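Okay, here's what each chain looks like letter by letter:
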Amino acid sequence: FQAFSMVTSTIAAIVRDMPGSKRQLNARVDNEDMRPLELWGYEASPFVKPVREKLCSLALPHVMVSCSRGSANRDRLIERTGNKFQVPFLVDPNTGIELFESPEICEYLEKVY
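Residues numbered from 1 in each chain as written. Predicted model: local features only at pLDDT ≥ 70, side-chain atom pairs only at ≥ 80, totals over all residues. Heavy atoms only, no water.

### Brief notes about the confidence of the model for the protein chain
If pLDDT is low for a region, its predicted coordinates should not be looked at in detail.
Next up, step 1: Scored by pLDDT, the protein chain comes out at a mean of 90, with 95% of its residues at no less than 70.
Next up, step 2: Summarising per-element confidence for the protein chain, the mean pLDDT is lowest in helix H1 (residues 2-15) (74) and highest in strand E3 (residues 89-92) (98). (pLDDT = per-residue confidence, 0-100. Helix = DSSP H or I, 4+ residues; strand = E, 2+ residues; numbered from the N terminus.)

### Regarding the packing of helix H2 (residues 49-57) against helix H4 (residues 102-112)
Next up, step 1: Relative to each other, H2 and H4 sit at 10°, their axes nearing to 9 Å. As summarised for this structure, H2 and H4 are arranged roughly parallel, according to the angle between their axes. Contacts between H2 and H4 involve Pro50, Val51, Lys54 and Leu55 from the former and Ser102, Ile105, Cys106, Leu109 and Glu110 from the latter.
Next up, step 2: Of the residues that constitute the contact of H2 with H4, the class distribution is six nonpolar, one polar and two charged. (Axes fitted to C-alpha atoms, helices over the stretch in contact; angles between N-to-C directions. Parallel < 35°, antiparallel > 145°, perpendicular 65-115°, else oblique. Contact = heavy atoms within 4.5 Å. Nonpolar A, V, L, I, M, F, W, Y, C, P; charged D, E, K, R; others polar.)

### Description of the sheet that holds strand E1 (residues 37-41)
Next up, step 1: Overall, mixed pairing links the four strands, which are arranged E2-E1-E3-E4 in an open sheet. Every interior strand has two partners, whereas the edge strands, strand E2 (62-66) and strand E4 (97-100), have only one. Averaged over all pairs of adjacent strands, the angle between their axes in this sheet comes to 15°, without regard to strand direction.
Next up, step 2: Sheet topology places E1 next to E2; five bridges connect them, and they run parallel. By the bridge assignment for E2, Leu37 is matched with His62.
Next up, step 3: Where H2 meets the sheet, its contacts fall on E1 and E2, and the angle it forms with E1 comes to roughly 160°.
Next up, step 4: Lying over the sheet, helix H3 (residues 72-80) contacts E1, E2, E3 and E4, oriented at roughly 110° with respect to E1. (Pairing = 2+ DSSP bridges.)

Below, the structure written as structure tokens:
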């Protein structure tokens, strides 16, 4: 199963032109100097993936806080967001913004960085 998963995800990335592998031309030059953003989510979430790709393409330092089922981080996220579990959840220490929803997060990142 692992080999199949690796092959299919590699093919999908190639077909999509390796999103997140190249720095966007309009990315701010000082992005690498920003404080790391926190992205709460888990690897298998299809909603987290576009946000991770956007963070990479903007060359923004970030920390992935894994909150898969059964994780203590999942409980921390629920506590932090008022008894709500939803991923992705982005925390930007540079601006003080906290956001849910992939499209809104990607739009925010594009506008600010």
